[in-house]
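Examining the three-dimensional arrangement
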Amino acid sequence: MKLHKTAASAAVILALAATAACGGKEGSAGDKSNDTDEKSLPTYKAAEDVTVDSPVLKNAQKRGKIVIGAKADQPYLGFQDQSTKKYSGFDIEIAKMVAADLGFSAKQITFKTVDSGAREQAVRKGDVDLMIGTYTINDERKKQIDFAGPYYHAGAALLVREDESGIEGPDSVKGKKVCSIVGSTPLQEIKKPKYGGKITELAKYSDCVKQLIDGQVDAVTTDDAILKGYAADNPKKLKVLSKTFTDEPYGVGLKKGDKALQKAVADALKAHEDNGDYEKAYDATLGKSGSKFVEPPTITEK
Amino acid sequence: MSGSVLYDAPGPRARARNLVLSVVGGLLIVGLVALVAYRLYDKGQFDGAMWDIFNYAGIRENILDGLAATLKVFAMAAALSLVMAVVLCMGRLSDHKPVRWLATGFIELFRSVPLLITIFALWVGIVDAILPVEVNIEPMWALVFGLAIYNSCVQAEVLRAGINAVPTGQREAAYAIGMRKTQVTASILMPQAVRSMMPTIISQLVVTLKDTSLGYIILYPELLQTARLIASNTQVNGDYPYVPTVIVIGTLYIVLCLALSGLANWIERRGRRAKTGIAPTEAKVPEQTGALP
Amino acid sequence: MNVLLDNLDLFREGFVGTVSLTAGSAALAVVLGLIIAGFRVSPVPPLRLFGTVWVTLLRNTPLTLLFLVAFFVVPQVLFPGIDSYLLAVVALGMYTSSYIAEALRSGINTVPLGQAEAARSIGMTFTQTLRIVVLPQATRTALPPLSSFLIALTKNSAIAGAFNNVDLFNIQKVLSNEGYNILVIFIWITIGYLIVTFSISALFRTLERRLEVAR
């Protein structure tokens, strides 16, 4: 008898789930997001007849889609709405600009969520054609892949609760619990004796933010651009301490040795920085989290 | 022994006492649940808007995708682990010493390493460190292989226990009519072992199903990871909907596991009805193997 | 570059972390398991129901989900700022208690009927029957499964390492970041776990021998 009951309830639930998939409300669940100002986003015209001597790009042209790796849990930068599956944010706009100059319209971009730890591997194996997701250019990574950029300059900062008074900057975290993701560079920095923070390593920044709100950790550290997004999403709960203590130049990750693609991406970035798209995109995304616009850094990896 | 052997049929005083205890115990439990419910309510977790997110087609699709991913990994890991279990079990009962040692070593090693460590090691590229070739293992395969390796060791021990439980007469009779060892194992021992151990094998499959949730830690988008993304990427009234998501996803897991254990119980009961010799053992987590919730 | 000697402090910290997580949650699991097993055979229906619900729910929920609840829901709803060691011990302890309760219950079922009947006939109450006559004998049969569940608990404690607890699993992540050969790291971590699990089985073998009686 017991089996019949369980089987019956299982059947009911599965049936519910199955019908559920067909129905349901469209649109975005939860609070109406104000991360992206859709109306003031610039539009990018896809270039035609692009010929770049790059195997990766030729492959993409053959399939008619370009696969771009992005982050999914960073508001204002790279964020995926779980009910519409749409990506939004500054990195996503950068991706659209670059793709347009490579001959792909916004509709021809397939975004793929790649988490921090898996980025080099995804690029090396060709899972993604380009990786655009708060991707800091550094020497360790340059051994494995190439970058184009930088297109933005971030720096590690601290996110704390609104009512926090004990932590004023990286110099006052001694003995406090500081959270970041596994293997992140700011975390390695903050645990050095100079700062002396007690570190907590979790898998995702959003986990750290949740723990911070619940009072389980005292601060979250990573790039200021990422932190400002979380602070803007949780007003009256969180604030960013603006003093930065590392340099994080963001670049576009691509397969090692693909010089032609690297140059094409760098040229695309430069062109959109010059024609004002970059600033417009910034104001409509990251700018809304409260970071003022700064001139884009000089492109060194090209 | 049923509970009733432990106490006398209650007389009037015991009945009264039990009633009082029932009421007090019941109230305590209800009170505890009410306290938690109140705290949840107080934090706005029962707000209609919090639960409204599940009315969106996109969220439902996400949950279904997560469920499909979980079931996919479970199916592959389960099939692989059973095949490997048969091989390992044969190896352990082999007449050749090196084969026996190899199988025993494999089983003992991977049974004592935490499953999470096995999965994580596969994920971060232990294969690269052992073999000279570069192999990139995706989270999904790390999860499937990790689960398969670990559970095959447990299932192999279950099968071995089943084979040892087959009456010796069966084996002797088979040898007496001139069957070779492979034939004896394949056509006499294994079928009976599988039959008698079926409930235990299925209970271990429930464990396998539950352990697919370790994909959460290596960021494989299975059901639990999906739950985390939904909860952390949606805001309702300025709060993250962890509680509703956990309740919905938890229910899904419990229903899946109950359905599987229900299957184990059903087979056990059917087996008891049949009169073909070996009766299935009671469904339980294979204790004798040092295994593993 | 010797991974173990270079990082002896870190390894010690991780090992102590794993041992204390295991010890803490084992203690909680055994106590809860005893109580729940008692509930499940008790004459009071609500307690029996509670025991059944407890065991069914916890045995069919993935441990990772329990950890998710412990780390992201409990602090928000009940205790903000609670220590993560405590959360891990509660999650592991509750999960394992459901298995221990079941092991004890099947242990109780193997005690010959006459024992309980004799106890009752000399006028013992339910709690006395359970405490003085049945449970001591049930414990003896329940020891081997108990030992496997505690070994499983040791291994499951690795999940706590992924949720902000310092243990062997956690230090493995730290060492990987520092660029040591991961094969060597994993070998040492595995040895660490083996030490704990072998100690548990040795302890239980001794216990079994001590409690052995001719039946």
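Residues numbered from 1 in each chain as written. Chains lettered and ligands numbered in written order. Predicted model: local features only at pLDDT ≥ 70, side-chain atom pairs only at ≥ 80, totals over all residues. Heavy atoms only, no water.

Chain B is annotated in an unreviewed UniProt entry as Amino acid ABC transporter permease of Streptomyces boncukensis. Of chain B, the UniProt comment under Subcellular location (unreviewed entry) reads exactly: "Cell membrane". Listed under Sequence similarities (unreviewed entry) in UniProt, the entry text for chain B is "Belongs to the binding-protein-dependent transport system permease family." (UniProt positions renumbered as here; feature names shortened; annotations may be inferred.)

Per an unreviewed UniProt entry, chain A goes by the name Glutamate ABC transporter substrate-binding protein and belongs to Streptomyces boncukensis. Comment text from UniProt for chain A, heading Sequence similarities (unreviewed entry), reads "Belongs to the bacterial solute-binding protein 3 family."

Tallying secondary structure elements over chain A gives 10 helices and 13 strands in all. With an accessible surface of roughly 13000 Å², chain A has 53% of that area assigned to carbon and sulfur atoms. (Helix = DSSP H or I, 4+ residues; strand = E, 2+ residues; numbered from the N terminus. Areas by Shrake-Rupley, 256 points an atom, 1.4 Å probe, with all protein chains shown as cover.)

Time to look at the pattern of salt bridges. Pairs can form between side chains of opposite charge whenever their charged atoms are close. Residue and element names in this part refer to chain B. Scanning the model with the defined rule gives 18 salt bridges over all chains in all. Glu-108 is paired through a salt bridge with Arg-92; the nearest N and O atoms lie 3.8 Å apart. With Glu-108 in helix α4 (residues 97-112) and Arg-92 in helix α3 (residues 57-92), this residue pair connects regions lying 16 residues apart in the sequence. In this structure Glu-108 comes out as partly exposed when scored by relative accessible area, which is 34%. The exposure class assigned to Arg-92 is buried, which follows from its relative accessible area of 15%. The network of salt bridges with common partners includes Arg-92, Glu-108, Arg-111, Glu-157 and Arg-160. (Salt bridge = Lys/Arg side-chain N within 4 Å of Asp/Glu carboxyl O. Buried < 20%, exposed > 50% of the residue type's maximum accessible area, 1.4 Å probe, protein only.)

A few words on the interface of chain B and chain C. Chain B puts 55 residues into the contact, and the matching count from chain C is 60 residues. With both sides pooled, the region where chain B packs onto chain C buries about 5100 Å², and carbon together with sulfur makes up 73% of that total. Where chain B packs against chain C, one counts zero salt bridges. The interface formed by chain B and chain C contains eight residue pairs in polar contact (both at pLDDT 80 or more). Listed by contribution, the elements that provide at least two residues to the side of chain B that touches chain C are α1 (12-42), α4, α5 (115-123), α6 (126-130), α9 (181-211) and α11 (242-273) of chain B. In terms of residue count, the dominant contributor to the side of chain B that touches chain C is α11 of chain B (nine residues). Residues of the side of chain B that touches chain C, tallied by class, amount to 35 nonpolar, 13 polar and seven charged. (Contact = heavy atoms within 4.5 Å. Buried area = accessible area lost by both parts, 1.4 Å probe. Polar contact = N/O pair within 3.5 Å; in protein donor to acceptor, adjacent residues only side chain to side chain. Nonpolar A, V, L, I, M, F, W, Y, C, P; charged D, E, K, R; others polar.)

Right, let's get into the UniProt feature "transmembrane region" (unreviewed entry) in chain B. All names here are of chain B. The feature "transmembrane region" (unreviewed entry), as given by UniProt, occupies residues 20-41, 73-93, 113-133 and 242-267 in the numbering adopted here. In this annotation, residues 20-41 is assigned 100% helix and 0% strand; the end-to-end C-alpha distance for the span is 30 Å. With 100% helix and 0% strand, the stretch residues 242-267 has end C-alpha atoms that lie 37 Å from each other.

Residues and elements named next belong to chain A. Looking at chain A, the domain boundaries give domain 1 (38-154 + 249-289) and domain 2 (156-241). On a C-alpha basis, the centres of domain 1 and domain 2 stand 27 Å from each other. Taken together, the contact between domain 1 and domain 2 spans 15 residues of the former and 13 residues of the latter. For the pair domain 1 and domain 2, the interface holds zero salt bridges. Across the contact surface, domain 1 and domain 2 share three residue pairs in polar contact (both at pLDDT 80 or more). Those elements that provide at least two residues to the side of domain 1 that touches domain 2 are β2 (73-74) and β7 (146-154). Of the residues that constitute the side of domain 1 that touches domain 2, the class distribution is seven nonpolar, five polar and three charged. (Domains from an automatic or database assignment.)

This brings us to the pairing of strand β1 (residues 66-70) of chain A. Residues and elements named next belong to chain A. Most of β1 sits out of view: five of its five residues are buried. Along β1, one buried face is formed by Ile-66, Ile-68 and Ala-70 and the opposite face, lined by Val-67 and Gly-69, is buried too. In terms of strand pairing, β1 meets strand β5 (residues 109-113) through five bridges, oriented parallel. For Ala-70, the partnering residue across the bridge sits in β5 and is Thr-113. (Pairing = 2+ DSSP bridges.)

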